[in-house]
Amino acid sequence: MLKSVLGAAAIAALLASSNAATADELRLSHQWSTSDIRHQVAQIVADEVAAADVDLDITIFPSQSLFKAREQYTPVSRGQLDMTVLPLSYAGGQRPAYNLTLMPGLVRNHDHAARLVASPFMEDLEAIMAEDDVMVLVHGYLAGGFAGVEGCITGPDDVQGLQTRAAGRAFEQMLAGAGASIASMASSEIYNAMQTGVLDAANTSSSSFVSYRIYEQVKCYTPASDVALWFMYQPMLMNKSTFDGLNADQQAALMAAGEKAQAFYLEQAKAEDAASTEAFRAAGVEIAEMTREDFDAWRAIATETSYAEFVAGTPNGQDLLDKALAVE
């Protein structure tokens, strides 16, 4: 009996030490390569936490090596995954309010985006996340623009009759409202579709425009600059119970790392837009600028299409939309 009791105690001690070890190790998953800005944001957090020497390690799983791109929010909410970086709109099917984070005309530029993440609008979204046991560690928006095979696209009249690819359902609704024909496809398919004459114009992120060499197929590029139409919220999220279970030093290290990563994210997001402009200019592509009048014209169409559908299909949707639009 004594041997049995001692054996049980040894097993219990082993399990306790095992649990203690895993409590200090966090897993972070995302869909991008290690050269992507979003991986760099994750790496900053991991490196800063390691440098803080608080007995907390973050292991990053890039390139969908742990979870598929659109399958990461649920594991984080259930505590099966500690952290992720992802477009929040990926979880729009579970939480319709999140679709407002990929909505045309809601954000004008990166500085406006920074004000948006510090507003009551974002507080409401974070309250919804908290209901799913999820919290934001790093806020971040990435921008995009338009490219035309034969001409420039700045205002709604420029897409009438064009076969156009949009990044997100809300943008498809707005473009259709402006008279465009919609061709749904992944960013990776834009080049071939333009090359074969299937596609006349495209809307996607600055980084995708460059990485897929769209500058080889178009005559004009409208980048995100002082005024832009396409912004997508892509934060670093963490399971809230996991965060709450860490000690005070570990929590402080994570928050400090998140603050540093967020500043980097904003700076590099602007740099990505500028780099895309230079890549297109170097390829001999005409560069167009969207004006505030163009932006307002697009938003007027979005109000009748994308915004209306969002409000109709989202609990408290009008209040959320109003709070977002109230941010100057």
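To start, this report covers the structure provided alongside it. Values in this document were obtained by computation on a predicted structure and should not be read as measured data. As a convention, each chain's residues are numbered from 1 in the sequence order in which they are written. Per-residue local features are limited, in this predicted model, to residues with pLDDT of at least 70; the limit for side-chain atom pairs, both in listing and counting, is 80 or more; totals at the level of whole chains, interfaces and linings are taken over all residues. In computing side-chain properties, one takes all heavy atoms of the structure into account and sets aside hydrogens as well as water.

## Concerning the pairing of strand β4 (residues 134-138)
Inclusion rule: Relative accessible area decides the class of each residue, using a 1.4 Å probe on protein chains only: under 20% of the type maximum gives buried, over 50% gives exposed, and in between gives partly exposed. Secondary structure elements follow DSSP: runs of H or I no shorter than four residues count as helices, runs of E no shorter than two count as strands, and numbering proceeds from the N terminus. Strands were regarded as paired on the criterion that DSSP finds at least two bridges between them.
β4 sits mainly inside the fold: five of its five residues count as buried. Note: β4 against strand β11 (residues 236-239), four bridges, orientation antiparallel. By the bridge assignment, Met-135 is partnered in β11 with Met-238.

## Details of the nonpolar core
Soluble globular proteins: nonpolar side chains tend toward being buried together. For clarity, the threshold we go by: Nonpolar cores were defined as sets of buried Ala, Val, Leu, Ile, Met, Phe, Trp, Tyr and Cys residues, with membership established by side-chain atoms within 4.5 Å. Any two residues having at least one pair of non-hydrogen atoms within 4.5 Å are treated as being in contact.
Among the nonpolar cores identified, the biggest contains 59 residues, and Tyr-73, Phe-121, Met-129, Tyr-141 and Trp-298 are the most heavily contacted of them. Residue contributions to this core peak at five residues, all from helix α5 (residues 120-131). Once residues within four sequence positions are removed from consideration, Tyr-141 is found in contact with Thr-101, Val-107, His-110, Ala-113, Leu-116, Val-117, Phe-121, Met-122, Phe-231, Met-232, Tyr-233 and Ala-269. Judged by nonpolar contacts, the second largest core, of 30 residues, contains Ala-46, Met-83, Val-138 and Leu-254.

## Quick look at the state of the cysteines
Put simply, the rule is: Two cysteine sulfurs form a disulfide in these notes if their separation is within 2.5 Å.
Applying the stated criterion across every chain, the model contains one disulfide. The disulfide partner of Cys-152 is Cys-220, and the S-S distance across this bridge is 2.0 Å. Disulfide Cys-152-Cys-220: the torsion about the S-S bond is 95°, which places it as right-handed. Of this pair, Cys-152 sits in the loop between β5 (141-148) and β6 (163-165) while Cys-220 sits in strand β9 (residues 220-222), and the two are 68 residues apart along the sequence.

## Details of the packing of aromatic side chains
Our working rule: Here a Phe, Tyr or Trp ring, Trp counted by its six-membered ring, pairs with any other such ring whose centre lies within 6.5 Å, and the pair is stacked when the planes are under 30 degrees apart, edge-to-face when over 60, and tilted otherwise.
Scanning all chains against the criterion turns up seven aromatic pairs. Ring geometry for Tyr-221 versus Phe-280: centroids 3.9 Å apart, planes at 15°, classification stacked. Here Tyr-221, found in strand β9, pairs with Phe-280, found in helix α10 (residues 248-282); they are 59 residues apart in sequence, far enough to count as distant. Residue classification places Tyr-221 among the buried residues on the basis of a relative accessible area of 0%. Residue class for Phe-280 comes out buried when judged on its relative accessible area of 0%. The structure contains a cluster of three or more aromatic residues connected by ring pairs, namely Phe-209, Tyr-215, Tyr-221 and Phe-280.

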